Amino acid sequence: AVYAASGLIALFILIKVIISPIIDKRDRMTRALEAQTKTLEEMRHLQSEYGLIKEKAGLYKRRFKARSKDFTLYSFLDRLADKSGMKNHITYMRPTTSARENSAYKISKVEMKLQSITLNQLTSYLHGVETSKNIINIKRVSIVRTGIKEGYINAILQVETIEI
């Protein structure tokens, strides 16, 4: 009975001192490996996202360099309206410029109202703005049907670009 008790105690000590720490260490290593794998996946995702952002930044830099030095958003929109035959439909154009804090860039905005135009004319004009290589964004469009003629609308556009 004493030998059996001693064997059980030795077996218990063997399990507690040697086997249990090995199993715990293996579990900790497995969890650490899973955490590191997840971190690596996240880092690869962030790396690809960074690459896309860097690529876009390079594209914007090239577009800024290609843009003429005397470019103004107001004059661009005015020329585009003249070219698309919508100059007579412009009620007003209000340019504003705001400087960004701690930045060499300024945001130039123009709010313009177009009256008695068709949806096709507006779509054509918006396409001309968005597809230009001058890095221009349409921030807001408000469209209202006119009560004067069927199929005609009034539109208020807010357009912006970044200037150096």
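Shown above is the structure to which this text applies.
The rules behind these values
- Residues numbered from 1 in each chain as written.
- Predicted model: local features only at pLDDT ≥ 70, side-chain atom pairs only at ≥ 80, totals over all residues.
- Heavy atoms only, no water.
- Helix = DSSP H or I, 4+ residues; strand = E, 2+ residues; numbered from the N terminus.
- Rg over C-alpha atoms; globule rule 2.2 N^0.38 Å.
- Buried < 20%, exposed > 50% of the residue type's maximum accessible area, 1.4 Å probe, protein only.
- Core = buried A, V, L, I, M, F, W, Y, C linked by side-chain atoms within 4.5 Å.
- Contact = heavy atoms within 4.5 Å.

Student: Whenever I open this one, the overall build of the protein confuses me. Can you help?
Tutor: A tally of helices and strands in the protein yields three helices and four strands. What you see in the protein, going N to C, is helices and strands ordered as α-α-β-β-α-β-β. The globule rule puts the C-alpha radius of gyration for 164 residues at 15 Å, and the 33 Å found for the protein is more than 25% above it. Across its three principal axes, the protein shows a C-alpha extent of roughly 110 × 40 × 25 Å. Of all 164 residues assigned to the protein, the portion counted as buried reaches 23%.

Student: Can you help me understand the nonpolar core in this one?
Tutor: Burial of nonpolar side chains together is a common tendency in soluble globular proteins. Counting residues in hydrophobic clusters, the biggest one holds 22 residues, and the most contacted among them are Leu77, Met112, Leu114, Leu122, Tyr125 and Leu157. Those elements giving two or more residues to this core turn out to be α2 (73-83), β1 (90-99), β2 (106-118), α3 (119-130) and β4 (152-163). The leading source of residues in this core is α2, at five residues. Look past the residues within four positions of Leu122 in its chain and what remains in contact with it is Leu114, Ile117, Ile143, Ile153, Ala155 and Leu157.

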